[in-house]
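# Tertiary structure, described
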Amino acid sequence: MDTQTDTGKASRRVTAKDIATSLGVSRATVGFVLNNTAGQTISEATRRRVIAEAHRLGYRPHSAARALASGRTNTVLLILPDWPIDFSVRNNIEEASNALDDAGYTLLITTPHDSGRARPLWETVDLDAVMGYLPFTPQAIEAMRAAGVTRIVPDPDTLAPPYDEPGTTMQVEHLADLGHRALAYADTADPRLTTLGQERWAAAQRAAETAGCSIERAAIDLDDESATTAVLSWRAASVTGVLAYNDDVAAALVGAALRAGIDIPGELSVIGHDDAPIARLFEPRLSTIRLDTAGLGRQLAALTIASIEGSDTAPAEQATPTVQLIERDSTRAIPADKR
């Protein structure tokens, strides 16, 4: 962007040469300071003078020229699946953004929609890398590479091991350890989460079979009476333990149960997933599963930075997230004489 003179007429862009001439130092010195180049022996006093003069003259870095010189744009694109932006996703994005910012990268975020007509952002913006939460389809990878994207995370050429929803397994194990044998899985009815819900349901079935428990399933819509219908049906079927897709679903179930006169956790134990703020603010406070979504965000950023910079110290391509049971007031053991 051009600077403005006192008369309002556009003037030419201030350059590093202008700063060097004004201070009587070399252009190289100015370049080293403005680019924060490592390994230089420039004094702190000189560095401060260069920065102050750059501000006084209205210097702004020319992003296109810097990208041409360095071969990088310092811009990373995160492609989100078409998911609701809930607590865990927000937490992940914030940590990934912070980690990238600390390393000098700007994070752009987009969510492609099946019915959308907008051009993919990787076709309109020069990027150092594209990253995502899930492996990209072969069609998306081909399109990215055709647009000149060479760094994609997760690496499409590396086969990632299957992910087995450890949090869901832990939910079942917690209820089984408390003596619950008739269980239910409260899935989300949000169609954007169908795939994740199915994966957790499959994990719940496997864990229930291992623990010797029966389990049934219902989909809960937060905008209708499906939570009430489910808890009444489960009481009639003698279900005593419920694991929920997330804490929002768990809270909806607990609220519906209390309105129906069902004691929580006396008659029905409910455990959520994610340890969102509502789990601590709701009453009774929700037992839940805490995933280190912040750590996963930082790891995703670290993988991407390593891919861009060719680091030999990149983190493991597929790390197992830290999963922790948080036991609060919404779950209780069944008395031994009633098991």
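Residues numbered from 1 in each chain as written. Predicted model: local features only at pLDDT ≥ 70, side-chain atom pairs only at ≥ 80, totals over all residues. Heavy atoms only, no water.

### Considering the overall build of the protein chain
Check the secondary structure of the protein chain and you find 12 helices and 10 strands. Counting across all 339 residues of the protein chain, residues that qualify as buried make up 40%. Of the contacts formed within the protein chain by residues at least 6 apart in sequence, a portion of 73% connects residues at least 24 apart. (Helix = DSSP H or I, 4+ residues; strand = E, 2+ residues; numbered from the N terminus. Buried < 20%, exposed > 50% of the residue type's maximum accessible area, 1.4 Å probe, protein only. Contact = heavy atoms within 4.5 Å.)

### Topic: the nonpolar core
Val76, Leu78, Leu100, Met131, Val172, Ile215 and Leu243 are the most contacted members of the largest nonpolar core, which has 38 residues in total. Of all the elements in the fold, those that place two or more residues in this core are strand E1 (75-79), helix H5 (87-102), strand E3 (129-132), helix H7 (166-177), strand E5 (182-188), helix H8 (194-211), strand E9 (288-291) and helix H12 (293-309). When near neighbours in sequence (up to four residues on either side) are disregarded, Val172 contacts Leu183, Ala204, Ala207, Ala208 and Leu243. Core analysis: the next-biggest nonpolar cluster, separate from the first, contains 24 residues, Ala184, Ala227, Ala230 and Ala251 among them. (Core = buried A, V, L, I, M, F, W, Y, C linked by side-chain atoms within 4.5 Å.)

### Points about the confidence of the model for the protein chain
Of the residues in the protein chain, 87% reach a pLDDT of 70 or more, and the chain-wide mean stands at 86. The model gives residues 1-10 a pLDDT under 50, and that stretch makes 17 contacts with residues more than four places away or in other chains. (pLDDT = per-residue confidence, 0-100.)

### A short note on the sheet that holds E5
Backbone-to-backbone hydrogen bonds pair the strands of a sheet. The strands run either parallel or antiparallel. On the basis of which strands lie adjacent, the open sheet formed by 4 strands has the order E6-E5-E7-E8 and parallel pairing. Of all the strands in the sheet, just strand E6 (214-220) and strand E8 (269-271) have a single pairing partner and so form its edges. For this sheet the average axis-to-axis angle between neighbouring strands, irrespective of direction, equals 20°. The strands touched by H8 within the sheet are E5, E6 and strand E7 (241-244), with E6 carrying the most contacts at an inclination of about 160°. (Pairing = 2+ DSSP bridges. Axes fitted to C-alpha atoms, helices over the stretch in contact; angles between N-to-C directions.)

### With respect to the packing of aromatic side chains
Applying the stated rule across the entire model yields 2 aromatic pairs. Measuring from ring centre to ring centre gives 6.1 Å for Trp83 and Tyr133, while their planes differ by 20°; the resulting arrangement is stacked. Of the two residues, Trp83 is situated in the loop between E1 and H5 and Tyr133 in the loop between E3 and helix H6 (138-146); the sequence distance between them amounts to 50 residues. Note on Trp83: relative accessible area 18%, which makes it buried. (Phe/Tyr/Trp six-rings, centres within 6.5 Å; stacked < 30°, edge-to-face > 60°.)

### Some words on the sheet that holds E1
Strand order in the open sheet formed by 4 strands is E2-E1-E3-E4, with parallel pairing between adjacent strands. Among the strands making up the open sheet, the edge pair consists of strand E2 (106-110) and strand E4 (152-153). As paired elements, E3 and E4 share 2 bridges and run parallel to each other. Residue pairing in the sheet places Met131 in a bridge with Val153 of E4.

### Overview of the pattern of salt bridges
Applying the stated rule across the entire model yields 13 salt bridges. Where Arg47 meets Glu44, a salt bridge forms, and the shortest distance between an N and an O atom there is 2.7 Å. With a gap of 3 residues between them, Arg47 and Glu44 both fall in helix H3 (residues 44-57), about one helical turn apart. Looking at Glu44, the relative accessible area reads 39%, which means it is partly exposed. The residue Asp329 makes a salt bridge to Arg285 at a minimum N-O spacing of 3.2 Å. One end of the pair, Asp329, is in the segment after strand E10 (323-326); the other, Arg285, is in the loop between helix H11 (277-281) and E9, and 44 residues separate them in sequence. Residue classification places Arg285 among the partly exposed residues on the basis of a relative accessible area of 35%. (Salt bridge = Lys/Arg side-chain N within 4 Å of Asp/Glu carboxyl O.)

### A short note on the pairing of E3
The side chains of a regular strand alternate, residue by residue, between the two faces of the sheet. Side-chain alternation along E3 places Ala129 and Met131 on one buried face and Val130 and Gly132 on a second face that is also buried. As paired elements, E1 and E3 share 4 bridges and run parallel to each other. Within the sheet, the bridge partner assigned to Ile79 lies in E3 and is Gly132.

### Some thoughts on the side chain of Asp128
Relative to the helices and strands, Asp128 is located in the loop between E2 and E3. Lacking a salt bridge, the buried Asp128 has Arg151 as its closest oppositely charged neighbour, with an N-O distance of 4.8 Å. Within the structure, the side chain of Asp128 is placed 2.6 Å from the backbone nitrogen of Asn74, a separation counted as a polar contact. (Lys, Arg positive; Asp, Glu negative; His and termini not counted. Polar contact = N/O pair within 3.5 Å; in protein donor to acceptor, adjacent residues only side chain to side chain.)

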